[in-house]
Amino acid sequence: MEWQLNLFKKSLKKKLKLKNILKFSGDFTDLKCLEVGCTTGVLSYFLSERGGKWIHTDKERSLLIETQRLVKNPLVQIDERYLPFREKTFDLIFVPDFLEHTIYDKELIKEIKRIIKEKGRSIITVPLKKKFSIINLLKRMFGLKDEIYGHVRAGYSLKELKKILQDYGIKVERYSTYSKFFTEFIELILNFFYVRFGTKKISTHKGKISPLSSSELRFNKTYFIYKFIYPFFKAFSFLDYFVFFTRGYVIVIEANLSN
């Protein structure tokens, strides 16, 4: 089993991301699909398993190389200011945790509008910016600044994201949030120890909070210890069910072209 899938098996937040994206995705059969920001290919793998004709993209060649371990679909290195595809090409475009990593978020959204079909859909995930957040306060206390996550912005409020999309003729049809306080707290602890003790060798726009290659994972002390305590963290994350009245720290939206 490839290293990305081994890591996924122990990632509470990545499992939530896949679960919530699939809620909005529907059937991929006979659809032409694009992923903008494949990172190391875990999401690419599970999405392409559901069918459809896929192209996966990212800014970094090193990340595309890692993605190639998992998927046999076409891979394209991109500049987010221009996506090298013809107008009205794709039925479905995924943008998972990418907008917060680029200063060219508006240019990218404009490109998405250009290359999506008239009845096509976009599914986008970004960190949800909250006015008051204990997790964000803890991040600052732990020294986990936005740049460590590779973020050029902390995230978006729903209002901000809707406005940016609407400005370019894209309408939000529905949305939900995931990853509530206890899951985020676990992620914060893991990120802190990885940044403190991890062996980071690859420098990309995805920051310094997790392994981005097999060698990084193999020599990572934090992951080695985490494998043994994972069942306890998983049980701890179930406390999120008791804060059902709160929004999660990540928002997923489905959007299409405005009429």
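Residues numbered from 1 in each chain as written. Predicted model: local features only at pLDDT ≥ 70, side-chain atom pairs only at ≥ 80, totals over all residues. Heavy atoms only, no water.

### Here's the deal with the sheet that holds strand 5 (residues 116–127)
With mixed pairing, seven strands are arranged side by side in an open sheet as 3-2-1-4-5-7-6. Bordering the open sheet on either side are strand 3 (75–77) and strand 6 (170–178), each of which pairs with just one other strand. Sheet twist, expressed as the mean angle between neighbouring strand axes with direction ignored, is 20 degrees. The pairing of strand 1 (residues 32–36) with strand 2 (residues 53–58) spans five bridges and is parallel. (Pairing = 2+ DSSP bridges. Helix = DSSP H or I, 4+ residues; strand = E, 2+ residues; numbered from the N terminus. Axes fitted to C-alpha atoms, helices over the stretch in contact; angles between N-to-C directions.)

### Considerations on the nonpolar core
Among the nonpolar cores identified, the biggest contains 30 residues, and Ile-93, Val-95 and Leu-99 are the most heavily contacted of them. For this core, the elements supplying multiple residues, two or more each, are strand 1, strand 4 (90–96), helix 5 (105–115), strand 5, helix 7 (158–167), strand 6 and strand 7 (250–257). Discounting residues that sit within four places of it in the chain, Leu-99 has contacts with Asp-105, Leu-108, Ile-109, Ile-124, Val-126, Arg-153, Tyr-156 and Leu-161. Formed by 20 residues, the second largest nonpolar core is a distinct cluster that contains Leu-43, Leu-47, Trp-54 and Phe-94. (Core = buried A, V, L, I, M, F, W, Y, C linked by side-chain atoms within 4.5 Å. Buried < 20%, exposed > 50% of the residue type's maximum accessible area, 1.4 Å probe, protein only. Contact = heavy atoms within 4.5 Å.)

### With respect to unusual backbone geometry
Among all residues except glycine, the phi angle is most often negative; among peptide bonds, the trans geometry is most common. Phi is positive for Lys-88, which is not a glycine, with a value near 55 degrees. Turning to its location among the elements, Lys-88 is positioned in the loop between strand 3 and strand 4. Judged by its relative accessible area of 40%, Lys-88 falls in the partly exposed class. The backbone of Asp-97 shows a phi angle near 50 degrees, a positive value even though the residue is not glycine. As for its position among the elements, Asp-97 is in the loop between strand 4 and helix 5.

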